[in-house]
Amino acid sequence: MSEQTTLNRALFDEVMVPNYNPAAIVPVRGEGSRVWDQTGRDFIDFAGGIAVSCLGHCHPAMVNALTQQGQKLWHLSNVFTNEPALKLAQTLVDHTFAERVYFANSGAEANEAALKLARRVALERFDETKDQIIAFKQGFHGRTFFTVTVGGQAAYSDGFGPKPGAIDHLPFNDVASLKEAFSERTCAVMIEPMQGEGGIIPASDEFLQAVRDLCNQHNALLIFDEVQTGAGRTGHLYAYQKYGIVPDILTSAKGLGGGFPIAAMLTTAEIAKHLKVGTHGSTYGGNPLACAVAQSVLDVITTPDVLPAVEAKSQRFRDGLAAINAKYHVFSEVRGMGLLLGAALNADYQGRARDFLVAAAEHGTMCLVAGANVVRFTPSLVISDQEIDEGLARFEKAVAQVVAG
Ligand SMILES: *Cc1c(COP(=O)(O)O)cnc(C)c1O
């Protein structure tokens, strides 16, 4: 038997922990916004590995960075620093509000570092009574026990015993409840400028400004979780730049490595100084291979033609989805920013987002869901117009199939 016939979806259930339920197809190769499975079938990728593959698959600049660095030096640990990490930190500092960078390997780890740092700052500047972390319902911040508890879905954090404490969840975009919850006890607010997993819900300008103002008034730190919205996803390098509201701490992952695991926590020098030698760390954080790949991603994203083109691609998606909706009447709205878009299902299709995802895959388009009622699109930032059109044409057939029952 060939390996392809034995390395299949059925084997997953025999050798893997059952916490995922992957699709039946097994992709083996990707190029740009196209992916091929074991049988040679092709798919247009509007999922991008959940907002990760921001330059598509096997982008030449990334392949080059990976192979070049792969022949030089893979790993050292933080007993030594390394050139790719220094260069990447410098690039992030040059392009953002940040003055200091901490590297990790995943969004959850970057958020874990941000939350630990915020608690540390409150403890050292004030005292142990300043411990409240404010977060939002439907928010998502990762799966470590601290971050999943800060996330706004109790279902994800229940069932693992005692949780980290002093975490309050408020309704998103509700200024009144925010004002009520704040006090001198407030240590930090962790917020996604646009909720991703929670359903592609942008924060209103008014709400983010209120969060910023209240943090200032109460000496609390504002943490923007830009794990999903960062690395150019909204058409700006980071979404805070689009809002014009600057956080104290920002976390980045997903698109930062474009498919190679890396994350970063960005902050100011004043805040960073509380993370003294020995207070926090990671074996792989700032790994030269990961940093070299992330550098190539940022080098491409920050070239003059990439981010300005995102808005036109976004509009092409919205127009295409609007045309599909005019025929089939399945969405109540298409929302989001840049190439982080959500098509919310109308009353007739509540709870059926996954049906659209499954049908899309059958017709050769990969997309995502964000909760049970939103079909999510997070394609490559450099996807071609032709690929958008072809993927949407396939998606239309999927919609027709769902509508037909
Ligand atoms: C995906 C995501 C995370 C978690 O990132 P991991 O790399 O899976 O740990 C955290 N926050 C947001 C907003 C995300 O979208």
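Residue numbers here run from 1 along each chain, matching the order of that chain's written sequence. In keeping with the model being predicted, local features are shown solely for residues with a pLDDT of at least 70 and side-chain atom pairs are shown and tallied solely at 80 or more, while totals for entire chains, interfaces and linings include all residues. For side-chain calculations, the full set of non-hydrogen atoms in the structure is used, while hydrogens and water are omitted.

**With respect to the environment of Cys 58**
At step 1: Its location among the elements puts Cys 58 in the loop between α3 (48-51) and α4 (60-70).
At step 2: Here the alpha-carbon distance between Cys 58 and Glu 31, two residues 27 residues apart in the chain, equals 5.6 Å.
At step 3: In this structure, Cys 58 is in contact with Gly 30 and Val 63, ignoring residues within four places of it in sequence. Helix and strand labels come from DSSP, where a helix needs a run of H or I of at least four residues and a strand needs a run of E of at least two; each type is numbered from the N terminus. Contact between two residues is taken to exist if any of their heavy atoms lie within 4.5 Å; hydrogens are not considered.

**Re the UniProt feature "binding site: pyridoxal 5'-phosphate" (unreviewed entry) in the protein chain**
At step 1: UniProt positions are given in the numbering used here, feature names are shortened, and annotations may be inferred rather than shown by experiment. Per the UniProt entry, the sites bearing "binding site: pyridoxal 5'-phosphate" (unreviewed entry) are Gly 107, Ala 108, Phe 140, Asp 225, Glu 226, Val 227, Gln 228 and Thr 283 in this numbering. These annotated residues cover 177 residues of sequence, and their C-alpha atoms reach 24.9 Å apart at the extreme, placing them across more than a single site.
At step 2: Structurally, Glu 226 can be placed in the loop between β10 (221-225) and α11 (239-243).
At step 3: The buried label goes to any residue with under 20% of its type's maximum accessible area, the exposed label to any with over 50%, and the partly exposed label to all in between, with areas taken from a 1.4 Å probe on protein chains only. For Glu 226, a relative accessible area of 0% gives the class buried.
At step 4: In this view, Glu 226 contacts Pro 193, Tyr 238, Ala 239, Tyr 240, Leu 250, Thr 251 and Ser 252; residues no more than four positions away in its chain are not counted.
At step 5: As for its placement among the helices and strands, Gln 228 is situated in the loop between β10 and α11.
At step 6: Judged by relative accessible area, which is 6%, Gln 228 ranks as buried.
At step 7: Throughout this description, a polar contact denotes any pair of N or O atoms lying within 3.5 Å of each other; where both atoms belong to protein, one of them has to be capable of donating a hydrogen while the other can accept it, and for residues adjacent in sequence the pair is counted only when both atoms sit in side chains. Separated by 3.1 Å, the side chains of Gln 228 and Glu 197 make a polar contact.

**Some thoughts on the packing of α4 against helix α13 (residues 288-301)**
At step 1: Only the contacting stretch of a helix is used when fitting its axis, a line to C-alpha atoms as for every element, and angles between N-to-C directions run 0 to 180 degrees. Following both chains from N to C, one finds α4 and α13 inclined at 155°, their axes separated by 9 Å at the closest point. Relative to α13, the element α4 lies roughly antiparallel. Considering how the two elements wind past one another, α4 and α13 form a crossing that is right-handed. Where α4 abuts α13, its residues Ala 61, Met 62, Ala 65, Leu 66, Gln 69 and Gly 70 lie against Pro 288, Leu 289, Ala 292, Val 293, Ser 296, Val 297 and Val 300. Note on angle classes: values under 35 degrees are labelled roughly parallel, values over 145 roughly antiparallel, values of 65 to 115 roughly perpendicular, and the remainder oblique. Should the near helix be turned anticlockwise from the far one by less than a right angle, the crossing is left-handed, and should it be turned clockwise, the crossing is right-handed.

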